[in-house]
Every structure is written in structure tokens, then in C-alpha cells.
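Coordinate inspection notes
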Amino acid sequence: MACLIKDPALIPIWEKVQANVRLSREDGIALFSSEDFFGLGFMANAVKERRTGNRVTYVVNRHINPTNICALSCRFCDYATKKDKPDATVLSPDDILSQLSDDLTEVHIVSALYTGWTYEQYLDVIRVIKTRFPRVQVKAYTAVEIDFFTRLAKKTLKEVLQDLMAAGVVCLPGGGAEVFSERVRKSLFPFKIGASKWLEVHRAAHGLGLKSNATLLYGHMETKEERVDHMLKLRDLQDETHGFMSFIPLAYQPGKTRVVPRPASVIEDLKTVAVSRLLLDNFDHIKAYWVTLGEETASLALHFGADDIDGTIGDEKIAHAAGAASPVRMAREALIQLIKEAGRVPVERDALYRPLRMIDQTVEMPEMVGAEVS
């Protein structure tokens, strides 16, 4: 494979990558600072193909947002509202079930901090789904919500996590991490939990055997150094717990908040995916989240280190409330086609990243597991 690296500053980093030597903070900053866009993509793609070959995974899932009524008022958020506003929404159990079907593998639940519900009502969202669709895997709630539950229920973090598991949760989403910078937190979400609490929730979940994902919200007021520091905090926790399944760079959608005048460029999107693949050597998966990236950029990201493209999702609310331009709904067939058009082999997975079936059966896939999902 011919080397496409043109920036001399990337050569020693590439040598580390080839030798499986962990990259440093300085290496991460150098990657973000380099103007050798294609060289960076070359390096990240080499790591992706070394780890997962030509395969790209997706899941047949549905996002459920039970309410948008939130006790917090974060400057960067276009989704949350107050109970007396005309756009306030609270879904009933029937509303939730009407959005689900038997063909789903995963239901992804992210809500808001709604004091009008009891703790049991939040648990009932999961119970209702599992009663009607016992085979579906439920991924819920974010660390921000779980921390809120501890105060709402006057329970310990461990007790809340055990309650979620008993209700039917199999893993946690990675939302609410935003960026682990006190400078940014004080400006954009001063009343929201910061790095130490977010990491504490995920550490506790991993200690109970509950897997989770991790995110980075980028493209607002954070610096490249803060992006790198965020990734390294996640890498440190993964060294400790081995509980993260995937990392998801989330492109900030300015919406009406106008924290920045426009979203990050496609180049910045792809660089962030690539740097995350190179820095997060202990994460199995890097996701190209098509909802915030858009279909075309997500497809390109599959050659910049990403090996997963999320799923069918359904009527996603949070990013689209901020003006995300991607389709609100993407059918399974369209996802498969997007992956194939990128020259990759689609593999359907479950919520825990276990492969269920490969679409192109002519391509060898080692370490397949059975399609039965308990």
C-alpha cells in the first residue's frame, strides 16, 4: 500500500501507528494541526482496515425522546423547552409503543430532565417497551439523566444503574459528554454535569458489567487541544474499565442558538473522525453518525477511520431540532446502499456491536456470532 503522507510532521506519528505505539497528546494536536488532509485519512483508514477489514456495521434501531421538557437551560441546546411552551411534548406509553415495531433490534432512549415525572415513570418507559417487545434491546439513558435520577429518587448511582438493568437496559448511550472542558462548560452548559461526574457514571456502569458508548460534541467554541484532552480522558477510562463499545464524534448543529454561525466544515468533520480513530487505540469502534454529518460526509468517513454508521433511527428529534440537514428517517435498505456505495461491506449488528448478519455473503467474516439476541 503506497504511503500518501505528504506532511513531514506526520511521518513519526505514522511510524508509531505502524508499530502499534500509543500516540501522545502532542501527537493528537499535531494531527489536528496538519494540513495534510489525505495523509491523515490514509493513516486512520489503515488502522480501521487493520482492525475491522472492509466491514461497516449498522443497526436497525429507533430513537425515542419521551419528553423535551427540561429543568436545565443550556445555551447550545435547541431541543429542550419548558412545560408552558407550545412545543412542549410528553409521550404517553401508547405514543411510545406506536413508534416501535417487531423488526427493531435496538431502541435508543434519550430524554430531558423533566421534574413532572417520577423516577418510576422513567423506568416505566423501559418496562413498557420490554413488555410489548421483549426481544428488543434498550439503550438508555445518558449520564446526565442518570445523575438526575439519583437526586429524583434519592438513590445511589449504583442503585439507579441496577434499577435500569432490572428494567431491561443493556447499555448506555454516550450523550451528555459534550466536551470535557470547564471553560466550555461554564459558557455553554454551566448547570450540566462536567467531566468528573460523566466519567463517574460510566465507570460505575462498567463496574456493573453495563457497556456504554462515548461522545464528543465538536464544532462550537472548543479548541483542538480540548478535543484531544477529551479523547484522552476517555482513553484513560477505557484502559481502566474496558467498558466503552464505540466513540461517536457529534458535529454541533448551530440551529437558533448561533453559538457559531455555521457547522464545522466537511474537512473538520473527517479530521475529527480520523484523529479519534488514531488516538483511541483501545476503542473497538468509531461511528460516523450520519444524522449530524449528513449522508455524504458519513459515507466519506468510512474511509477516514469510521467502521459504524449507526442505524435506521426513525424520527430523531434532538439534532434535527437544531437544524441538522440529514434525512429524519433512513430505511435499512438506504443504509445498506450507502455503505456499499462507499465500497464497504454492510454488516447488521445489535446494540452491543455483536454482528448479526452480513449483507454480502461472498466476503469472509471471521468471528461471527449467532443472530439470536436474548
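Below or above, wherever it landed, is the structure these notes cover. (Residues numbered from 1 in each chain as written. Predicted model: local features only at pLDDT ≥ 70, side-chain atom pairs only at ≥ 80, totals over all residues. Heavy atoms only, no water.)

A look at the overall build of the protein
Formally: Strands are runs of DSSP state E lasting at least 2 residues, helices are runs of H or I lasting at least 4, and numbering of each runs from the N terminus. Burial here depends on accessible area, computed with a 1.4 Å probe over protein chains only, as a share of the maximum for the residue type. Under 20% is buried, over 50% is exposed, and the range in between is partly exposed. Note on contacts: a residue pair is in contact if any heavy atoms of the two residues lie within 4.5 Å. Here the Shrake-Rupley method, with its probe set to 1.4 Å, supplies the accessible areas, and only the displayed protein chains count as covering residues.
Across its full length, the protein holds 15 helices and 11 strands. Out of the 374 residues in the protein, the part that is buried amounts to 58%. Partitioning the intrachain contacts of the protein with sequence separation of at least 6 by distance along the chain shows that 73% fall at a separation of at least 24. Only carbon and sulfur atoms are counted for the fraction: they give 53% of the accessible area of the protein, which is about 15,400 Å².

Comments concerning the nonpolar core
The following threshold applies: For the purposes of this section, nonpolar cores are sets of buried Ala, Val, Leu, Ile, Met, Phe, Trp, Tyr and Cys residues that join through side-chain atoms within 4.5 Å.
If you look at the biggest cluster of nonpolar residues, it comprises 109 residues, and the most contacted ones within it are Met43, Ile109, Tyr141, Ile146 and Trp198. A per-element tally of this core places helix H3 (residues 37-52) first, with 7 residues.

Description of the packing of aromatic side chains
Working definition: an aromatic ring pair is given by the centre-to-centre distance plus the angle between the planes. Quick note on the threshold: Each pair of aromatic rings taken from Phe, Tyr and Trp, with Trp reduced to its six-membered ring, is defined by centres within 6.5 Å and is described as stacked if the planes are under 30 degrees apart, edge-to-face if over 60, and tilted in the remaining cases.
Under the defined criterion, the tally for this structure stands at 15 aromatic pairs. On the basis of an interplanar angle of 80° and a centroid distance of 6.3 Å, the ring pair of Tyr122 and Phe148 is categorised as edge-to-face. Taken together, the residues Tyr122 in helix H5 (residues 119-132) and Phe148 in helix H6 (residues 143-153) connect sequence positions 26 residues apart. For the pair formed by Tyr122 and Phe148, the shared burial category is buried. Centre to centre, the rings of Phe247 and Phe283 are 6.4 Å apart; their planes meet at 85°, and the pair counts as edge-to-face. Of this pair, Phe247 sits in strand E7 (residues 244-251) while Phe283 sits in the loop between helix H11 (266-279) and strand E8 (285-286), placing them 36 residues apart in sequence. Exposure remark for Phe283: the relative accessible area of 0% places this residue in the buried category.

Some details on the sheet that holds strand E6 (residues 211-218)
Note the following rule: Each pair of strands is called paired provided DSSP finds at least two bridges between the two strands.
If you trace the 7 strands from one edge of the open sheet to the other, you get E2-E3-E4-E5-E6-E7-E8, paired in parallel fashion. The open sheet is flanked by strand E2 (61-64) and E8, the only strands paired with a single partner. Here 2 bridges tie strand E5 (residues 169-172) to E6, and the two strands are oriented parallel to one another. Opposite Cys171, over in E6, you have Lys211 as the bridge partner.

Things to note about the sheet that holds strand E10 (residues 345-349)
Cut-off, in case you're wondering: What counts as an axis is a line fitted to C-alpha atoms, over the stretch in contact for a helix, and the angles between N-to-C directions run from 0 to 180 degrees.
Taken in spatial order, the 4 strands make up an open sheet running E9-E1-E10-E11, and their pairing is mixed. Taken across any chain shown, the strands that pair with only one partner, and hence form the sheet edges, are strand E9 (308-311) and strand E11 (355-358). On average, each strand axis in the sheet is tilted by 30° relative to the strand beside it, whichever way the strands run. Bridge count between E10 and E11: 3 bridges; the pairing is antiparallel. Looking at the pairing, Val347 lines up with Met358 of E11.

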